[in-house]
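A closer look at the structure
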Amino acid sequence: PPTRGRSTRLSSKGHYSVKMPSSEGHHESGTTSTKNEHKMRLFSCSSYVIGNIIGSGIFITANSVASETNSVGLTLLIWAICAAISFLGALVYIELATSIPDPGADYAYAMRIGWKALAFAFMLVSVVITFPASAAVQSITFGQYLAKFFSAFDSAPDGTSSEWLVIVLAMLLLASLTILNFFSLDKFASTFQNVVSVCKMLSVAAIILIGFYFLVFQGETQNFANMFEGSKWDIGSMTMAVYGGLWSYAGWDILNYGTPEIKNPRSTMPLSLFIGLGVVASAYILINVSFFSVMTLAEVQNSTAIGDDFARLTIGNGFANIIPAMIAVLVMGTLNSNIFCGSRMMHAAARESQLPSFLSGLHTASGSPRAAVLAQAILAAIMCFVPTDTLVNAVTFVMWAQKGITAAALLYIRYKNVQVESGAIRVPLVLTWALLLVSIALVAIPFVQDLTITLIGCGVIAIALVVYFVALRFGLCTCGGLYDKMSDVVNLVVKRLLCVELDLKTTSTVDERTELNVFSHPVTKNLLVTRL
């Protein structure tokens, strides 16, 4: 009979449900279906952490941090403080990942405890604006640096050819990384990330070695005399310096976006995070030491392209164009990690029916959420033609607000004894409280420093909340069934075009086991309704 291999029951809410048999390589808990052999291991996870954090950020915020601190010693201390804050966040997020091993990071954790409105608001801001805008900026940055490296091809005196070359290079990189992420992580995307991470570390090592050559063998130590002279110790300056440093450390939570795609996350995640963050923190501090070995504090503060200035002061104009190529490599890895994060959050939201169902499309053989990957790439390509600097600055504080909400969610789980995965790693509560307080400070300070930008960010969240209550909570946008008909057509097209299956999470908790609501299951819908 059609129901062989399944058991039906009446749930506590009066809905008939059917327990679907598990298949090899799939999780009964409803997490993303990924075959064990395609999961990421320690080296790949460490590479994603390093690749997602180290990018062009260190070359952008080095001058702003130095300007806020006004001394070499305090600048190095701020970078160390930012590393400590990042380690704090990583520790707390390890508990979250092992307690709630669902893809989507902050979004998944808020959904688990029923904070659906907040989860939807932050998710919508992230997948529609933050991730695509960041990917667009990274793509354009890649195009700019690579175009500078290939400056011989720019023959137009007005720079028109160069502008189009930047766009073409940005689109080519975006398309290439999208295709890579269409396949299993261990075969393509993570392999690419491993290679890029190695190239990144070689590039970073080259900068460090050049700086230390001048420091040790050339005796360029004058900039380190009286290191703390002129330091700005006031809370406002130091906090804004930390804010700039943390911007460069952003991305330490990347593994939480794809926890089901990690092999043995309970042991792999802590090791990979400590290795990755340890490498990044050491590299950032040593890079700043290298900068100050050949550049004065004033030169660092006033530099608008510190990598290029550093190269010209150390290896001369003849080889200085190598630096733009190196920075382009750094951006490639960061963009790949951005696509990974954005697509996993979008996929997780679609599984929860908070985004159109076609975005849950999953290529079951590789475990890649192809529909979400393609959607993120399309949004990023569109934003390549839109000025996004102000918008990204506005939603930066939203991301830290999201970290605060996530820390509060973990405290709720601990104090309310919410049931989570057995064997989850637990960190001392004082660390979770510390992360919450840091997040609150980073959200509150922009209200004083730049009220306009902060109000824009609050407005974006408010719009997302309105969308949630209008479209999801009260269902006022169904248009008399038109939405369902359009959704069916789009689902069919996406399934055939991308070779995916919808990975919807229509579950109810009965005996704490995953069961599929019969009225959402196409195989047994007509049969059991007829029997009823």
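Reference entry: report on the structure contained in this document. (Residues numbered from 1 in each chain as written. Predicted model: local features only at pLDDT ≥ 70, side-chain atom pairs only at ≥ 80, totals over all residues. Heavy atoms only, no water.)

1. Observations regarding the overall build of the chain
When you go through the chain residue by residue, the secondary structure sums to 19 helices and four strands. Scored against the burial criterion, the 532 residues of the chain give a buried share of 53%. A sequence separation of at least 24 residues applies to 80% of the contacts in the chain between residues at least 6 apart. Looking at the chain as shown, the accessible area adds up to about 23,300 Å², and 64% of this sits on carbon and sulfur atoms. (Helix = DSSP H or I, 4+ residues; strand = E, 2+ residues; numbered from the N terminus. Buried < 20%, exposed > 50% of the residue type's maximum accessible area, 1.4 Å probe, protein only. Contact = heavy atoms within 4.5 Å. Areas by Shrake-Rupley, 256 points an atom, 1.4 Å probe, with all protein chains shown as cover.)

2. Overview of the nonpolar core
Counting 144 residues, the largest nonpolar core has L255 and L355 as the members making the most contacts within it. The contacts of L255, once residues within four sequence positions are left out, are C45, Y48, V49, I262, M269, S272 and L273. (Core = buried A, V, L, I, M, F, W, Y, C linked by side-chain atoms within 4.5 Å.)

3. Concerning the packing of aromatic side chains
A full pass over the atoms with the stated rule returns 13 aromatic pairs. Relative to F310, the ring of F291 lies with its centre 5.6 Å away and its plane at 65 degrees, an arrangement referred to as edge-to-face. Highlighted residues: F291 in helix α9 (residues 265–294) and F310 in helix α11 (residues 306–314), separated in sequence by 19 residues. Exposure class is identical for F291 and F310. Each is buried. Members of the aromatic cluster, each reached through a chain of ring pairs, are W79, Y249 and Y284. (Phe/Tyr/Trp six-rings, centres within 6.5 Å; stacked < 30°, edge-to-face > 60°.)

4. Topic: empty space enclosed by the protein
Scanning the entire structure with this criterion turns up five cavities of 30 Å³ or more. Listed by contribution, the elements that provide at least two residues to the lining of the largest cavity are α4 (106–112) and α13 (322–351). Here the residues of the lining of the largest cavity sort into four nonpolar, no polar and four charged. Reported here for the second largest cavity is a volume of approximately 40 Å³. Taken together, D106, Y107, A110, L118, A119, F122, Q402, I405 and T406 form the lining of the second largest cavity. Taken together, the residues of the lining of the second largest cavity break down into six nonpolar, two polar and one charged. (1 Å grid on protein atoms, 1.4 Å probe; cavity = no way out; pocket = protein on both sides within 12 Å on 5 of 7 lines; lining within 4 Å. Points joined across faces, edges and corners; volume = space filled by probe spheres on them. Nonpolar A, V, L, I, M, F, W, Y, C, P; charged D, E, K, R; others polar.)

5. Some points on unusual backbone geometry
Even without glycine at this site, N70 takes up a positive phi of about 65 degrees. Note on N70: relative accessible area 26%, which makes it partly exposed. In this structure, N226 is a non-glycine residue whose phi angle is positive, near 50 degrees. One can find N226 in the loop between α7 (185–217) and α8 (235–249). Look at N226 and you get exposed, because its relative accessible area is 58%.

6. So, the packing of α13 against helix α14 (residues 370–383)
Running from amino to carboxyl end, α13 crosses α14 at an angle of 120 degrees, the nearest separation of the two axes being 8 Å. Classified by the angle their axes make, α13 and α14 are oblique. Seen along the crossing, α13 lies across α14 with a hand that is right-handed. Counted together, I339, G342, S343, R344, M346 and H347 of α13 and A372, V373, A375, Q376 and L379 of α14 form the full contact between these two elements. (Axes fitted to C-alpha atoms, helices over the stretch in contact; angles between N-to-C directions. Parallel < 35°, antiparallel > 145°, perpendicular 65-115°, else oblique. Left-handed = near helix turned anticlockwise from the far one by under 90°.)

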